[in-house]
Amino acid sequence: FRVIAWLLFCSWGFAQSSTASPYSFNGLGDLNFRGNNFNRHMSGLEVYNDSIHVSLSNPTSYARLKTTTFSLGIHYKNTRLESEADLEEIPSGTIDYMGIGIPVGPFGFGFGILPYSSVGYRVQDILEQDDVVERINRYQGQGGINKAFLSVGFPLFKVLAIGATVNYDFGKISLTNSQFLGSVDLGTFLDKNASISGLTYHLAADLKIPLSKKLFT
C-alpha cells in the first residue's frame, strides 16, 4: 500500500504544471533548474562534492558517497502577470526532483526523476470596435518534459573521480489555438500534440588538488 501510494503521489506531482508564464509558449517551454537545494544555495555550483550529499547534475558525486541518501524537492511560486488593463497572480507548484543515492563498495550509483521543462499558459487577444467584440484569439498550452536518470560514479584515485548519467527523456506537450468571431456562433480550433521520448547522457570528471593535509581545491 505504501509503495502504491508513493507511486501515485509521484505521478500526480510530476503531472502538475510548474509554470504559468506566457514565455513558455516557445520550444519545449520554460527550462527548469537541474539540481537540488544545496546547488541552489551555492548559486548553481555543481563541482562541490561530499560524502553525505549527491548532486543531481554531477554524477561524480556518487563516487565519494558514504551513506544511502534520499532527496526530494518541492517548490511553490506565485507568478504576477500585469498589463495596462489587468493584473493577475497565478500560483503554481510541483515536485522539483526526486533521487536516491546508494554507495556500493568501491563506487556509488543513484537514480531518480526530475522535470526538465514546463509549459503552462493561457492568453487571449480581444479586438473590439465601438464596444463590440469583433474577434477573440486564444492561446493555451500545457505539459512538459521529464528526465528519469541513472547515474554512477567511480573513484579512480584519491583525488580523481569519474561519473556518467544516462537520462530517459519523456513527456507530452499540448497546444491549442482558437479564434472566435463576434458574428459567428462557433469557433475555430487548432490542436497540436507532441509526444517526446529519447535518451541523453552526461559524462563528468572531478579532480581535487590538495593544498594542505585538510584543504582541497
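Residues numbered from 1 in each chain as written. Predicted model: local features only at pLDDT ≥ 70, side-chain atom pairs only at ≥ 80, totals over all residues. Heavy atoms only, no water.

A. Highlighting the layout of surface pockets. In this structure, the largest pocket encloses a volume near 680 Å³. The wall of the largest pocket is formed by 21 residues, among which Leu81, Glu88, Arg122, Val123 and Gln124 lie closest to the centre. A breakdown of the residues in the lining of the largest pocket according to their chemical character gives 9 nonpolar, 7 polar and 5 charged. (1 Å grid on protein atoms, 1.4 Å probe; cavity = no way out; pocket = protein on both sides within 12 Å on 5 of 7 lines; lining within 4 Å. Points joined across faces, edges and corners; volume = space filled by probe spheres on them. Nonpolar A, V, L, I, M, F, W, Y, C, P; charged D, E, K, R; others polar.)

B. How the structure looks around the pattern of salt bridges. Per the stated rule, a full pass over the model turns up 2 salt bridges. Among the ionic pairs, arginine 64 bridges to aspartate 206, the shortest N-O distance being 2.6 Å. Taken together, the residues arginine 64 in the loop between α2 (37–41) and β2 (69–82) and aspartate 206 in strand β7 (residues 188–207) connect sequence positions 142 residues apart. Salt-bridge contacts for aspartate 169 lead to lysine 147; the nearest nitrogen and oxygen are separated by 2.8 Å. Taken together, the residues aspartate 169 in strand β6 (residues 160–181) and lysine 147 in strand β5 (residues 132–155) connect sequence positions 22 residues apart. Taking the relative accessible area as the measure of exposure, aspartate 169 reaches 10% and is therefore buried. (Salt bridge = Lys/Arg side-chain N within 4 Å of Asp/Glu carboxyl O. Helix = DSSP H or I, 4+ residues; strand = E, 2+ residues; numbered from the N terminus. Buried < 20%, exposed > 50% of the residue type's maximum accessible area, 1.4 Å probe, protein only.)

C. Spatial organisation of the pairing of β7. Burial within β7 is sparse, with just 2 of its 20 residues counted as buried. Both β6 and β7 contribute to a ladder of 20 bridges, which runs antiparallel. Within the sheet, the bridge partner assigned to serine 178 lies in β7 and is phenylalanine 189. The hairpin formed by β6 and β7 contains 6 residues between the paired strands. (Pairing = 2+ DSSP bridges.)

D. The arrangement of a nonpolar patch on the surface in detail. A contiguous nonpolar patch, built from Val166, Tyr168, Leu199, Tyr201 and Leu203 and spanning about 610 Å² of accessible area, is present on the exposed surface. Where the nonpolar patch is concerned, the elements lending two or more residues are β6 and β7. By the element assignment, leucine 199 lies in strand β7. On the accessibility criterion, leucine 199 (66% relative accessible area) is exposed. (Patch = residues over 30% accessible without salt bridge, like charges linked within 9 Å, V, L, I, M, F, W, Y side chains within 5 Å. Areas by Shrake-Rupley, 256 points an atom, 1.4 Å probe, with all protein chains shown as cover.)

E. Region of interest: the nonpolar core. Listed in full, the 7 residues of the largest apolar core are Val54, Leu56, Tyr62, Leu65, Tyr97, Leu114 and Phe149. Among all residues touching tyrosine 97, those that are not within four sequence positions of it are Gly35, Asn36, Asn37, Leu56, Ser71, Leu72, Gly73, Ile113 and Leu114. (Core = buried A, V, L, I, M, F, W, Y, C linked by side-chain atoms within 4.5 Å. Contact = heavy atoms within 4.5 Å.)

F. Region of interest: the packing of aromatic side chains. Under the counting rule described, the total for this entry stands at 3 aromatic pairs. Ring geometry for phenylalanine 180 versus phenylalanine 189: centroids 5.5 Å apart, planes at 85°, classification edge-to-face. Relative accessible area serves as the criterion here: at 52%, phenylalanine 189 is assigned to the exposed category. A cation over an aromatic ring shows up here: lysine 147 above the ring of tyrosine 116, its NZ or CZ 4.9 Å from the ring centre. (Phe/Tyr/Trp six-rings, centres within 6.5 Å; stacked < 30°, edge-to-face > 60°. Lys NZ or Arg CZ within 6 Å of the ring centre and 35° of its normal.)

G. Structural detail: the environment of glycine 108. Inspection of the secondary structure puts glycine 108 in strand β4 (residues 107–129). Dropping the residues within four chain positions of it, glycine 108 is found in contact with Tyr62, Ile102, Pro103, Ser151, Val152 and Gly153.

H. Region of the structure containing the environment of leucine 45. Its location among the elements puts leucine 45 in the loop between α2 and β2. Each C-alpha atom of the pair leucine 45 and glycine 35 lies 9.3 Å from the other, and the pair is 10 residues apart in sequence.

I. Representation of the pairing of strand β3 (residues 87–104) within the structure. As judged from the 14 bridges shared by β2 and β3, these two strands associate in the antiparallel manner. Paired with arginine 80 across the bridge in β3 is glutamate 89. The turn joining β2 and β3, which pair antiparallel and follow one another in sequence, is formed by 4 residues. With 7 bridges joining them, β3 and β4 adopt antiparallel strand pairing. Across the sheet, isoleucine 100 pairs through a bridge with phenylalanine 111, a residue of β4. The turn joining β3 and β4, which pair antiparallel and follow one another in sequence, is formed by 2 residues; a positive phi near 60° is taken by glycine 105.

On their own, these measurements won't tell you what the molecule is for.
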